[in-house]
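Geometric and topological summary
Given next are the chains, with one letter for each unit.
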2 protein chains.
Amino acid sequence: MTRLLYELAGADPAQRFSPYCWRTRLALAHKGLEAEGAPWRFTEKDKLAFSGQGLVPVLVDGDTVLSDSWRIAQWLEARHPDSPSLFGGNSGPVQFLNAWADSVLHPALARLILLDIHDCLAPKDQAYFRQSREERFGISLEAVQAGRERDLPAFRRVLQPLRMVLREQPWLGGEGPAYADYILLGSLQWARCTSPFRLLAEDDPVFAWRARGFALFGGLAINAKGYTP
Amino acid sequence: MTRLLYELAGADPAQRFSPYCWRTRLALAHKGLEAEGAPWRFTEKDKLAFSGQGLVPVLVDGDTVLSDSWRIAQWLEARHPDSPSLFGGNSGPVQFLNAWADSVLHPALARLILLDIHDCLAPKDQAYFRQSREERFGISLEAVQAGRERDLPAFRRVLQPLRMVLREQPWLGGEGPAYADYILLGSLQWARCTSPFRLLAEDDPVFAWRARGFALFGGLAINAKGYTP
């Protein structure tokens, strides 16, 4: 059985940078599952029509077609109960972390890397990206990113709850990494894959956790095409 | 065996408003455990000396003395494995929610109710509270709270991750309430116990969830001394 994961890619098909796709990539690795990656670009909506929607990740697993990283994680957990658990029980509270990443962390992080993301996109994606993101931020991509040195302290403050947890335990999952970690590692991998901008101070507990997380599964994240974090 | 919970109280000893004590109160109820409440004021550090620190909640359970709401919850879960679980498995990711409440939600919420809290304190606590909080905020209690109509939209935006989860599932715990819910219900109960200020719009999913949460355990939260939320 071939397992196929559609992943957002840049101009270079090896550059896979979507935070949502990385959640799924890391979840698959946690479960010990292989999946072939299929590069996909923002403007190739038609290629995902079979999934009934237009966003990645899309996982095709035998006859099953799944979209939405959260639903994929739930499905993987239910489908593979004998491999290491992604949630260690109740996944309810992890939904909060997922929502926090999407609604708080990502807007704060996007401000720092928006033009860099644009610059690694395939030419046909760049116009779409520029228009939709400039509409969202109300100014040009260049203007958003130009403020990143000024915005960096605010971004680091946003990470404060994560930092507090990592002072108490090595992983968001507790003693070992779990889906909670993969959500936020996916966010930081989004930045690593697209931008050389240094997000974290080296004495930040988040810095060390990120290094441990990127090294998991034989360096799955750190060996992907991207910058030195 | 008598179980005793030291709880922060206002001038009226029946007014128990600490968000951290409410986490423990709700956790005890979830476990089906009774505990006598002992009112405690900010300035009565000597009364907690036996616990080796100076903050509530402090739970005295037989020979065991515990402080810190998170550690108490962990202990209750381990000590009472046969009563309903507070975490439904791995508590790791719930730590994130705990840290988010402490570092993000509480500062945003305190701005709206700071003077109201002051006004319900015992006279001997008022001077301590005014000095420590004015130092923290850099302006008078009156000036902080005077901005609350202006600050209210920002507070409601802070709740966005909670709102997103409650659009998908009835409780942070998933299908049923769990410690993740008690953390944030404790925060909102802090406000209800001290202030008549209306925090939430009635069409906010957080509003309905709060009503369900305050009604749990025979109306434990809603029947405590406080305002109509």
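Just above, that's the structure.
Our subject in this report is the structure included herewith.

Conventions used here
Residues numbered from 1 in each chain as written. Chains lettered and ligands numbered in written order. Predicted model: local features only at pLDDT ≥ 70, side-chain atom pairs only at ≥ 80, totals over all residues. Heavy atoms only, no water. Helix = DSSP H or I, 4+ residues; strand = E, 2+ residues; numbered from the N terminus. Rg over C-alpha atoms; globule rule 2.2 N^0.38 Å. Buried < 20%, exposed > 50% of the residue type's maximum accessible area, 1.4 Å probe, protein only. Contact = heavy atoms within 4.5 Å. Areas by Shrake-Rupley, 256 points an atom, 1.4 Å probe, with all protein chains shown as cover. Lys, Arg positive; Asp, Glu negative; His and termini not counted. Charge placed at Lys NZ, Arg CZ, Asp CG, Glu CD. Axes fitted to C-alpha atoms, helices over the stretch in contact; angles between N-to-C directions. Parallel < 35°, antiparallel > 145°, perpendicular 65-115°, else oblique. Left-handed = near helix turned anticlockwise from the far one by under 90°. Nonpolar A, V, L, I, M, F, W, Y, C, P; charged D, E, K, R; others polar. Phe/Tyr/Trp six-rings, centres within 6.5 Å; stacked < 30°, edge-to-face > 60°. Lys NZ or Arg CZ within 6 Å of the ring centre and 35° of its normal. Buried area = accessible area lost by both parts, 1.4 Å probe. Salt bridge = Lys/Arg side-chain N within 4 Å of Asp/Glu carboxyl O. Polar contact = N/O pair within 3.5 Å; in protein donor to acceptor, adjacent residues only side chain to side chain. Least-squares fit on C-alpha atoms with pLDDT ≥ 70 in both. Pairing = 2+ DSSP bridges.

This paragraph deals with the overall build of chain A. Per the secondary structure count, chain A includes 9 helices and 4 strands. In chain A, the succession of helices and strands from N to C terminus is β-α-β-β-β-α-α-α-α-α-α-α-α. Relative to the compact-globule value of 17 Å for 229 residues, chain A shows a C-alpha radius of gyration of 17 Å, a close match. The dimensions of chain A, computed from C-alpha atoms along their principal axes, are 50 × 45 × 30 Å. The buried share among the 229 residues of chain A stands at 57%. For chain A, restricting intrachain contacts to residue pairs at least 6 apart in sequence, the fraction spanning at least 24 positions comes to 69%. Surface summary for chain A: the accessible area is close to 9400 Å², and the carbon and sulfur share equals 52%. Averaging the locations of the 26 positively and 26 negatively charged side chains of chain A gives two centres separated by 3 Å.

Next up on the list: the packing of helix α3 (residues 92-120) of chain A against helix α4 (residues 123-137) of chain A. All names here are of chain A. In the contact formed by α3 and α4, the axes pass within 11 Å of each other and the chain directions differ by 155 degrees. In terms of axis orientation, α3 runs roughly antiparallel to α4. As α3 packs across α4, the resulting crossing turns out to be left-handed. Of α4, the residues touching α3 (which contributes P107, A110, R111, L114, L115, I117, H118 and D119) are Q126, F129, R130, R133 and F137. A breakdown of the residues in the contact of α3 with α4 according to their chemical character gives 7 nonpolar, 2 polar and 4 charged.

This paragraph deals with the packing of aromatic side chains. Residues and elements named next belong to chain A. Scanning all chains against the criterion turns up 18 aromatic pairs over all chains. Ring pairing ties together the aromatic residues W40, F42, Y128 and F129, which thus form one cluster. Looking at R212, its charged tip hangs above the ring of W171, at a distance of 5.1 Å from the centre.

Further remarks concern the interface of chain A and chain B. With 26 residues of chain A in contact, the opposing surface of chain B contributes 26 residues. Both sides of the chain A and chain B interface together cover about 2000 Å² of buried area, and 72% of this is carbon and sulfur. Contact with chain B buries surface across chain A, with N90(A), P93(A) and F96(A) losing the most and accounting together for 30% of the total. Between the two partners, chain A and chain B, sit 0 salt bridges.

So, on to the environment of D68(A). All names here are of chain A. Here D68 is to be found in the loop between β4 (64-67) and α2 (69-79). Taking the C-alpha atoms as reference, D68 lies 21 Å from P84; in sequence the two are 16 residues apart. Among the polar contacts made by the side chain of D68, one reaches the main-chain amide nitrogen of W70 at a distance of 2.9 Å.

By a simple turn and slide, chain A fits onto chain B: the slide is 0.0 Å along the axis, the RMSD is 0.0 Å, and the turn is 180 degrees. When the rotation and shift are considered jointly, the pair of chain copies conforms to a two-fold rotation axis. Scanning chain A for the C-alpha nearest the rotation axis identifies G89(A), at a separation of 2.2 Å. Interface overlap between copies is the fraction of interface residues in one copy that are interface residues in the other; for chain A against chain B it reaches 100%, indicating a shared surface.

Below, the discussion takes up the sheet that holds strand β1 (residues 3-8) of chain B. Backbone hydrogen bonds hold the strands of a sheet together, and the pairing may be parallel or antiparallel. All names here are of chain B. On the basis of which strands lie adjacent, the open sheet formed by 4 strands has the order β2-β1-β3-β4 and mixed pairing. Every other strand in the sheet has two partners, leaving β2 (36-40) and β4 (64-67) as the edge strands with one partner each. On average, adjacent strands in this sheet sit at an angle of 20 degrees to one another, irrespective of strand direction. Sheet topology places β1 next to β2; 5 bridges connect them, and they run parallel. Bridge pairing in β2 links L4 to E36. Sheet strands in contact with helix α1 (residues 19-30) are β1, β2 and β3 (58-61), and its direction is about 150 degrees off that of β1.

Here we take up the pattern of salt bridges. Residues and elements named next belong to chain A. What the rule picks out here adds up to 30 salt bridges over all chains. Measuring nitrogen to oxygen at the nearest pair gives 2.9 Å for the salt bridge that ties D116 to R148. Remark: R148 occurs in helix α6 (residues 148-158) and D116 occurs in helix α3; sequence separation between them is 32 residues. Both residues of the pair, D116 and R148, count as buried. Each of E7, R16 and R25 takes part in one network of salt bridges that share partners.

This paragraph deals with the sheet that holds β4(A). Residue and element names in this part refer to chain A. Strand order in this open sheet of 4 strands is β2-β1-β3-β4, and the pairing throughout is mixed. Each end of this open sheet is capped by a strand with a single partner; those strands are β2 (36-40) and β4. The average angle at which neighbouring strand axes cross in this sheet is 20 degrees, direction not considered. With 4 bridges connecting them, strand β1 (residues 3-8) and strand β3 (residues 58-61) associate as antiparallel partners. Looking across to β3, one finds that L4 is bridged to V60. Contacts between helix α1 (residues 19-30) and the sheet are confined to β1, β2 and β3, with β1 contributing the most and set at about 150 degrees to the helix.

Attention shifts here to the pairing of β4(B). Residues and elements named next belong to chain B. Sheet topology places β3 next to β4; 4 bridges connect them, and they run antiparallel. Its bridge partner lying in β4, V58 is registered against S67. If you look at the hairpin formed by β3 and β4, you'll find 2 residues sitting between the two strands, and G62 has a positive phi there, around 60 degrees.

For the rest of this paragraph, the subject is the environment of A11(A). Residue and element names in this part refer to chain A. Assignment of secondary structure puts A11 in the loop between β1 and α1. Remark: the alpha-carbon pair of A11 and P123, spanning 112 residues in sequence, is separated by 7.1 Å. Other than its neighbours up to four places away in sequence, A11 contacts R41, C120, L121 and A122.

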